[in-house]
Amino acid sequence: MRFPRLFSFFTPCIKQVASIAGVVALMALTSCTQERVTGEISDEQLFLFRGSDRVEQLLQEMPLEDKVGEMTQLTLDMFCVGEPYNLEEPHRLDSLKVRLALAGARVGSVLNCGGHAYPPPQWQALISEIQKESMDAKGLPVLYGVDAIHGATYTSGAALGPQQIALAATWDTALVRHLAEATAQEVFHSGIPWNFSPVLDLGRDPRWPRFWETFGEDVKLTGDMGEAMVRGYQEGPAQVAATLKHYLGYSTPWSGKDRTPAYVPERQLREIFLPPFRQSVEAGAMSVMVNSGEMNGIPTHVNRFALTDLLRGELGFEGVALTDWEDIKYLVSRHKVAATHKEAIKMAIEAGIDMSMVPQDLEFPKLLQALVAEGAISEERIDLSVRRILTMKEKLGLLDEGGHQMPDLLSESEREGLAGPATRAALECITVLKNEGQQAESSDRSLLPLEGTGTIFVTGPTAHSLNALNGGWSGTWQGTDTLYNNPGRLTAVEAMQAQFGASRIDFNGVSGMEFSAREIRDVAQRIKRTRPQVAVLFLGEMPYTEVVGNIGDLRLPDNQLDLVRAVAQTGVPVVGVFIEGRPRTFSQVEPLMDAVVMAYLPGEFGGPAIAQVLSGSFNPCGRLPFTWPKEASSHVTYDRKHTENVHSDFSMNAFQPQYEFGHGLSYSPVVTKSMRLVNGDQVALGDVLEVEVVLENTGHMNSVEVIMLYSQDRVASITPSVDKLRAYKRVAVDAGATSTITLNVSSTELGFVGPSMDYLVEPGRFGLRVKEQITEFELTNK
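Residues numbered from 1 in each chain as written. Predicted model: local features only at pLDDT ≥ 70, side-chain atom pairs only at ≥ 80, totals over all residues. Heavy atoms only, no water.

Draft legend 1. Focus on the pattern of salt bridges. One pass over the structure, following the stated rule, counts 52 salt bridges. With its nearest N and O atoms 3.3 Å apart, the salt bridge here joins Asp224 to Lys220. On the criterion of helical spacing, the pair formed by Asp224 and Lys220 is a turn pair, its members being four residues apart in helix 9 (residues 219-235). Here Asp224 falls in the buried class, since its relative accessible area comes to 17%. (Salt bridge = Lys/Arg side-chain N within 4 Å of Asp/Glu carboxyl O. Helix = DSSP H or I, 4+ residues; strand = E, 2+ residues; numbered from the N terminus. Buried < 20%, exposed > 50% of the residue type's maximum accessible area, 1.4 Å probe, protein only.)

Okay, structure coming up:
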C-alpha cells in the first residue's frame, strides 16, 4: 500500500529576486556534507549512501536475521524478572529473556528503565550484562537509549534541571549547552550512549500537554536552543547521540490533545515547523524520533514525503529514524491505515523508518524477515537502515575494541560539580511578569523583592511539592512518585524558610490540587487573624506528560481562582507564583494580584531559585518564550498576521494577551534608549544589517537584559507577520550604566516561504524594532 504525496514539489533555495540573494541563501541551506536532493526520492538514490569500510564489511557478513534484529528496539522490561509494568524489585535481568532477545531475536537496541530511576552502579550492572550477552551472541553491542530530557531523568542522584520551556526562558544558549554537556556525562557514565532529546516541536498551542517539553513558540529561539543542546550532547566531554523529536508537525493538533490529528499546510510546515530540525541536522544530530500523530490524515510513520523526500533529500539527514513507542502497531489499532501488523511494518519501512521502538514483543523482526523473504521489501532496503544504525554505533565508539564496556563511574564530587548548570538555569529562568502594589514596611512602589521583617504567609497546591517543580520525566515517566525524588532537594516553601528564616514563614498548606472550599475559608480566616506582610500563593499544575496531561479547559482550576479571590479580599498584598508547564489563563483574578511570577518547571533547584528571586538576592532575568493568553480560547502567537489585530469594534487592538512573548521584569529596569541601523536607510540584498542599540540601567542593581530584534515586512506576496524575531542577545548592564550593543542580521534571513513554496527575500520596505524603538529601511537589489 502506498500513500499519495502529502505536499507538492519544493526547491530549497532562495528565489533570485535579487542577483546575490539566491546564491547566499542557497549556500546557507546546503551546508551539510550530503548534497541535497529535491522532489520525490527513489530507493535507488538512497542506496548511494555508504558507510565506512568497517561498516560495509560488517554489513556484508551479517545474515538477514541479524539485520532485522538491528532494526528492533525493546524496552528493558523485556529483559527483566517479572512482567512489563510489573517487574520484581529490585529490577534484575532474567537470563532466559536476555538470551531469547539477543541470541534468539538478535535484537540490536534497548531503551529506558523498568519504570523508575536507577543509581549508576545498577545501570552499569544491567547494561554490561546485556552487552556481554550481545557480544557473545552476535559479536555486536546493543545501542542503548534513554529519555534524559532535563538532566539524567532516570539516573538517581543526577541533577534535574529546568524543563525545556523553562530553559527557553533563560534565552541563554551557552548555558543550555553546558547543561546538555552535564546531562551527557551522567548518561554516558551510566553506560548509555544514546539520548532521546531534544524536543524541537514548537509550543504554539498551550493546550497541548507536551507544551512544556518545547522551547516555546518561536522558530529562531527553538532552533538555537535545539542546536545548543545537540552540540552539548555530542561534542562535550562525554559524547552521547542526540535525538531530534518529534519529527514532524507533532505539536499542533487541532484539538490541543496529544496524538490527535494535525492539519498543517505545506507553507506553514516549511516556514515554522521544519527549520529547527534543519538547524540541528546541520549541527550533526545522529537520530530523529518520529511524530506519533498524523498530518493531514497521514500518520507520520507512513509519510514518505516527510521521512524520505524532506528528511533525507532536502535536509540531507544520514542518521537513524526511530519510531516512537509502539507506533507501527498503532497504524493498525489507532490510525486504521493498515489491516495487519505485517502490512503496517511494510508501510513504515517503505516510508523511511530505520528502527522500530517495538517495544514489548518479538513480532517485528520475524515479520520483517518474512517480508524480505516474500520479496515485499528488498534486502537492499534493509541494508540501508542497518548501515545507518551501524554507522551511528561506530560514531559512538561502540564498534571499537572494548567500546561496549562500561566507563568509570563518576565520583560524588564530580556529580555534585555537574549540578552547576542546572542550578544556574533554575535562577535564570524565573520570570517576573507583574510587580505593582506596595509593601506595608517599605516605601518602595513595587511589592517585589520582599523586604522587611514581617510574616510571609505561604499557601497553594504547588508550595510543598518537589514533584511539581520537576514536572514529568523525573524519576518516573509521569514524575509523580515521590519515592524517586533526589533526597535533600527543597520544595518552594522549604526554600523560603531557608531563605527568609523559618520564623518569618507562616505555611498553611492545602490538600493537593483538589482542595476544598472549606480549606479556602480556613486560609482566609488565618490571614485575617495574623495579618501577615504579604501572602505568596503557589499555583499551577502537578506533573503530567503526554495523553495524561490532556485538558478540556486552559483556564486555571476554579478552586485556585477562588483561593486568589479569598486571599485578596483580606487586603493583604498578594504574590502569585505559577509552577506549571503551560500558561493557564487567570484573567478573572490577575488584577487581584500585586505581583506575578512564572517559575515554569524549574527542576529540583527551583525552590531555592524562587526564594532568591522573591528575596531580591537574585535579580530576575527570565523572559517569556511564549505568548500567555488572556482567555482560554484566544491563544494567538506573537508572529500573528495583521488581520488577527482586528477587534470587534473595528480597531486594531484585538491582540491583548495576558503577557506578551519576550515579556519579563527585573528589579533594576534597563531602558532601551535608542536604536540605529548603521547601514543607513538603504540596504542591498545579501548585505548584513548592523543594528546598534543603546541600553541604560536606571536602577540600583546590576541587571541582565535580553535585547530582542524584530523585523516587519511592510508589503509581501504572502501576508506578512506583525513581527518576526531575527536576533537576540543577553547583556549584563551595571547599575546606572549605559551600554551600546550591536546585533547583526543577514538580509537573506528576512524572507519567507512564498506561494510556490520557494524561499523568497523580496526587496521593499522593512521595519526593525527593539521594544518601543523602531526604524525603517529599504531593501534593494544590488
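Okay, back to it.
Draft legend 2. View of the nonpolar core. Judged by nonpolar contacts, the single largest core of 207 residues is most densely connected at Phe79 and Leu614. Leave out the neighbours within four places in its chain, and Leu614 touches Leu448, Pro449, Leu450, Met496, Phe500, Val536, Val575, Val577, Val597 and Tyr667. (Core = buried A, V, L, I, M, F, W, Y, C linked by side-chain atoms within 4.5 Å. Contact = heavy atoms within 4.5 Å.)

Draft legend 3. Just the environment of Val636, in detail. Mapping Val636 onto the fold places it in the loop between helix 23 (606-615) and strand 19 (670-677). A C-alpha to C-alpha distance of 7.7 Å links Val636 and Phe655, two positions 19 residues apart in sequence. Contact partners of Val636, with chain neighbours within four places excluded, come to Thr627, Glu644 and Phe655.

Draft legend 4. Inspection of the packing of helix 5 (residues 95-104) against helix 6 (residues 120-138) at higher detail. Orientation of helix 5 relative to helix 6, taken along the N-to-C sense of each, is 40°, at an axis distance of 9 Å. Considering the angle they form, helix 5 stands oblique to helix 6. Once helix 5 is placed against helix 6, the crossing between them reads as right-handed. Judged by residue contacts, Val98, Arg99, Leu102 and Ala103 of helix 5 engage Ile130, Glu133, Ser134, Ala137 and Lys138 from helix 6. Residues that form the contact of helix 5 with helix 6 fall into these classes: five nonpolar, one polar and three charged. (Axes fitted to C-alpha atoms, helices over the stretch in contact; angles between N-to-C directions. Parallel < 35°, antiparallel > 145°, perpendicular 65-115°, else oblique. Left-handed = near helix turned anticlockwise from the far one by under 90°. Nonpolar A, V, L, I, M, F, W, Y, C, P; charged D, E, K, R; others polar.)

Draft legend 5. Fine view of the sheet that holds strand 1 (residues 72-75). Overall, parallel pairing links the five strands, which are arranged 6-5-4-1-12 in an open sheet. Of all strands in the sheet, those bounded by a partner on one side alone are strand 6 (194-195) and strand 12 (356-357). As paired elements, strand 4 (residues 109-111) and strand 5 (residues 143-146) share three bridges and run parallel to each other. By the bridge assignment for strand 5, Ser109 is matched with Leu143. (Pairing = 2+ DSSP bridges.)

Draft legend 6. Summary view of the sheet that holds strand 22 (residues 703-713). Here we have five strands laid out as an open sheet, ordered 20-28-27-22-23, and mixed in their pairing. In the strand order of this sheet, the two ends are held by strand 20 (682-684) and strand 23 (724-733), each with one partner. With direction set aside, neighbouring strand axes in the sheet form an average angle of 30°.

Draft legend 7. Up close: the side chain of Asn485. Here Asn485 shows up in the loop between helix 19 (466-470) and helix 20 (492-500). Once residues lying within four places of it in the same chain are set aside, the contact partners of Asn485 are Leu466, Asn467 and Asn470.

Draft legend 8. Spatial organisation of the environment of Gly216. Its place among the elements puts Gly216 in the loop between strand 6 and helix 9. Residue classification places Gly216 among the buried residues on the basis of a relative accessible area of 0%.

Draft legend 9. A look at helix 15 (residues 363-373). For helix 15, the complete set of buried residues consists of Phe364, Pro365, Leu368, Leu371 and Val372. One face of helix 15 carries all of its buried residues, which in axial projection span an arc of 125°. In helix 15, those exposed residues whose orientation departs by more than 90 degrees from the buried face are Lys366 and Ala373. Contacts from the buried residues of helix 15 go to helix 4 (64-70), strand 1, helix 13 (327-333), helix 14 (341-351), strand 12 and helix 16 (379-395). Just downstream of helix 15, Gly375 is the residue with a positive phi angle, here 85°. (Arc of directions from axis to C-beta.)

Draft legend 10. Examining the state of the cysteines more closely. Tallying each qualifying case throughout the model produces zero disulfides. Of all cysteine sulfurs, the one in Cys113 lies closest to Cys80, which takes part in no disulfide; the gap is 9.8 Å. (Disulfide = S-S within 2.5 Å.)

Draft legend 11. Summary view of helix 23. Of all ten residues that make up helix 23, eight are buried, and the element is covered over most of its length. By the burial criterion, the buried members of helix 23 are Gly606, Gly607, Ala609, Ile610, Ala611, Val613, Leu614 and Ser615. A positive backbone phi angle near 90° is found at Gly616, which sits one or two residues after helix 23.

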